[in-house]
Every structure is written in structure tokens, then in C-alpha cells.
Amino acid sequence: MLSERRLQVLRAIVQDYVGTEEPVGSKALTERHNLGVSPATVRNDMAALEDEGFIAQPHTSAGRIPTDKGYRLFVDKLAGVKPMTAPERRAIQNFLDGAVDLDDVVARTVRLLAQLTRQVAVVQYPSLTRSTVRHVELLSLAPARVMLVLITDTGRVEQRMVDCPAPFGEASLADLRARLNSRVAGRRFADVPRLVEDLPEGFDVEDRGTVTTVLSTLLETLVEENEERLMIGGTANLTRFGHDFPLTIRPVLEALEEQVVLLKLLGEAGDSGMTVRIGHENAYEGLNSTSVVSVGYGSGNEAVAKLGVVGPTRMDYPGTMGAVRAVARYVGQILAES
């Protein structure tokens, strides 16, 4: 374990390097930070940190920079993330409150995260498998044609046309709508098949074919919707960090085009805690020079999806983590109220 003083020196190196982009020397550290020890002691501490792999000497510079291992310890030992100021919180709320539907919420969230952190923002659409049914609407379009509208607790709206095997009257449709909602409203998608399996038996024989067809369409909607959708924004922000990527920015840009890679990076949506993956902790080689900060969001206590940012390892971790957490909280509130 590092002594508290060496941890203090490491913190100062990370803060200075993130702020100045310049390798940090012992003289600058003692001048900028109240470490309470001589430059010679700081030099010894830096030599020990380097021996243990927390900092490294780039090329011939006299200064040192944090390694992935150094950033990891810095993040693990953070006393707390940087809280948003009151004006920042108001700006987040005002910007997200203007959203008109789920697509707009996701689009605004991406834009907001990219602007707040000046990194690449990634937002996953709420996953249907973790959603609950808010309401199922059935509308008669023709004697044997019905529109099925599924509304989820996260504000998603899915519409399907149902061609019925026989004409289905308004009274029968209203009856089906009422019985269906009494069983599935407020229930998780995964529970719906079990809840409706015996529903056709409660209808007249001539209507059972239509009821079964409507239910089949509903169940297909629950499983077929490509739930793993993402929106990404702020890729141009990476160009400001050209020198933070050892060879070229291209592998990072290629990785960001791979939706499967991004979904793996964000991690499981059910895990709502803050996740910080630094440098080589990212399994995808193209992202070895980046860090990913992500967190779950959702209405209520359960996360229905993840959002986060991708940027260079030389990142303002407390500020980025604070922004990501604050935005996730506001998006969750909007979903709960929508």
C-alpha cells in the first residue's frame, strides 16, 4: 500500500498533468502544492512511485506522467466526485426538460454530455427487457384490422398493425383492451407471456382467433424490438486531444463506430453503479489509450440503460464522473415523470 504522503504526491501529479498537459517535475510540485516536505523528499517519493509503476518518464523529459495504474489508484482513492454548480444543474434541467419524446431525450442527453465533459458521449436507449408495460392501446382501423400501441414506463412507444382472421367489433375490442391492461399494466416485459397465456379462453369461440393474433403480435413486439440501440455524439471533441493518442486517433474512431464494442464498454445495464475503465482495462485494443466513464440510468431504483463518455486517459476524472452522474440522475427523473 502507498503511504498517504505518496498518494498525495500522485494526486498532485495527476491534477497537474491533466491541467497542464505537461510532464510534472518535483520542483513544480513543491511550488504548486502544499505538500509540507522538501523537493528532495518529493523526488524520492516520485522515484518510488515510478518503481511501482504509478508514474512514468516520457521520452527525455525531466518530468513524469501518470500511467494507467496511477490513474486507477487516483480514481479508486477519490474522496468524492466534483459536484455540479447550481447554475450547471439548472442548465441541465432546463435543457432536458424541453424534450418532447424518448428520441429527443436521448439526443439531448448526448449533446449535453458531450458539451459538459468535452468528450465523446454515448447513450444507450432504455432496454425493453428491463422495462415495464405502462399501457396497451388497441385501435380499430377496419373491421378486421387493428393497430396495437405498446407504451412502456420509459416512454418508448411501439406501434404494430394486426390483420385479424375475422371482423372484430368495437365492443369486443374494448373488452380485450380492458382485460389485457388489467393483466399487464405495470408488469415487467418478461412476465407478460405468462400473464396472458390463458386470456383467449375467456372470449367467445368466434373471437378467440383474433384475440390470439393480437396477443401474438404483442409478444413479438416485446422480443423483436432491437433493444440495443445507441446514440453517440461529440466525436469531434477527440481532435482536441490528438497528442494524447500515441500514434493516431484512427483506432479510437474505428472503435467508436462499432456498436457492439460500445455496448460492451458501457457494461451491463442492470449494473447501475459508476464504472471507470482506464486505458488497457478496455478489452478493445483500439481504445487502450482512452478511459470510459459510465453509469446506469432509469426511472425508480432500477437502471434500464447506461450512458457515459469516452475520452483520453488524461481526463478530469472527478469532473467527468460528476457530470455523468448528474446527467444520469436528471434523465432518470424525466423518464419517471414522462
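See above for the structure.
Quantities reported herein were computed from a predicted structural model and do not represent experimental measurements.

### Brief notes about the pairing of strand β5 (residues 145–152)
No. 1: Counting buried residues in β5 gives six out of eight residues, a clear majority hidden from the surface.
No. 2: Direction of pairing for strand β4 (residues 133–142) relative to β5: antiparallel, over a ladder of eight bridges. Bridge pairing in β5 places Glu137 opposite Val149.
No. 3: Taken together, β4 and the strand that follows it, β5, pair antiparallel across an intervening segment of two residues.
No. 4: With seven bridges connecting them, β5 and strand β6 (residues 157–163) associate as antiparallel partners.

### Digging into the sheet that holds strand β10 (residues 305–312)
No. 1: Spatially, the five strands line up as an open sheet ordered β7-β3-β10-β9-β8, and their pairing is antiparallel. In the strand order of this sheet, the two ends are held by β7 (230–233) and β8 (275–278), each with one partner. The average angle at which neighbouring strand axes cross in this sheet is 15°, direction not considered.
No. 2: Relative to β10, strand β3 (residues 120–124) runs antiparallel, the two sharing four bridges. Within β10, the residue paired with Val120 across the bridge is Val310.

### Comments concerning the sheet that holds β4
No. 1: Spatially, three strands are ordered β4-β5-β6 in an open sheet, and the strand pairing comes out antiparallel. Only two strands of the sheet have a single partner each, and these edge strands are β4 and β6. Across the sheet, the mean angle separating the axes of adjacent strands is 20° when strand polarity is ignored.

### Some thoughts on the nonpolar core
No. 1: Counting 57 residues, the largest nonpolar core has Leu29, Tyr297, Leu307 and Tyr317 as its most contacted members.
No. 2: Per-element tally for this core: the top contributor is helix α12 (residues 317–337), with eleven residues.
No. 3: Once residues lying within four places of it in the same chain are set aside, the contact partners of Tyr317 are Tyr71, Phe74, Val75, Val276, Ile278 and Ser291.
No. 4: By size, the runner-up hydrophobic cluster in this structure holds 23 residues, among which are Leu138, Val184, Val214 and Leu215.

### Quick notes on the environment of Gly234
No. 1: Mapped onto the fold, Gly234 is located in the loop between β7 and α10 (250–256).
No. 2: Distance from Gly234 to Ile55, taken between C-alpha atoms, is 30 Å for residues 179 residues apart in sequence.
No. 3: Setting aside chain neighbours within four positions, we find Gly234 in contact with Ala114, Gln119 and Val120.

### Some remarks on helix α4 (residues 68–76)
No. 1: Looking at α4, one finds that the buried residues are Gly70, Tyr71, Arg72, Leu73, Phe74 and Val75.
No. 2: Of the surrounding elements, those touching the buried residues of α4 are α1 (4–20), β2 (65–66), β8 and α12.

Cut-offs and rules
- Residues numbered from 1 in each chain as written.
- Predicted model: local features only at pLDDT ≥ 70, side-chain atom pairs only at ≥ 80, totals over all residues.
- Heavy atoms only, no water.
- Buried < 20%, exposed > 50% of the residue type's maximum accessible area, 1.4 Å probe, protein only.
- Helix = DSSP H or I, 4+ residues; strand = E, 2+ residues; numbered from the N terminus.
- Pairing = 2+ DSSP bridges.
- Axes fitted to C-alpha atoms, helices over the stretch in contact; angles between N-to-C directions.
- Core = buried A, V, L, I, M, F, W, Y, C linked by side-chain atoms within 4.5 Å.
- Contact = heavy atoms within 4.5 Å.

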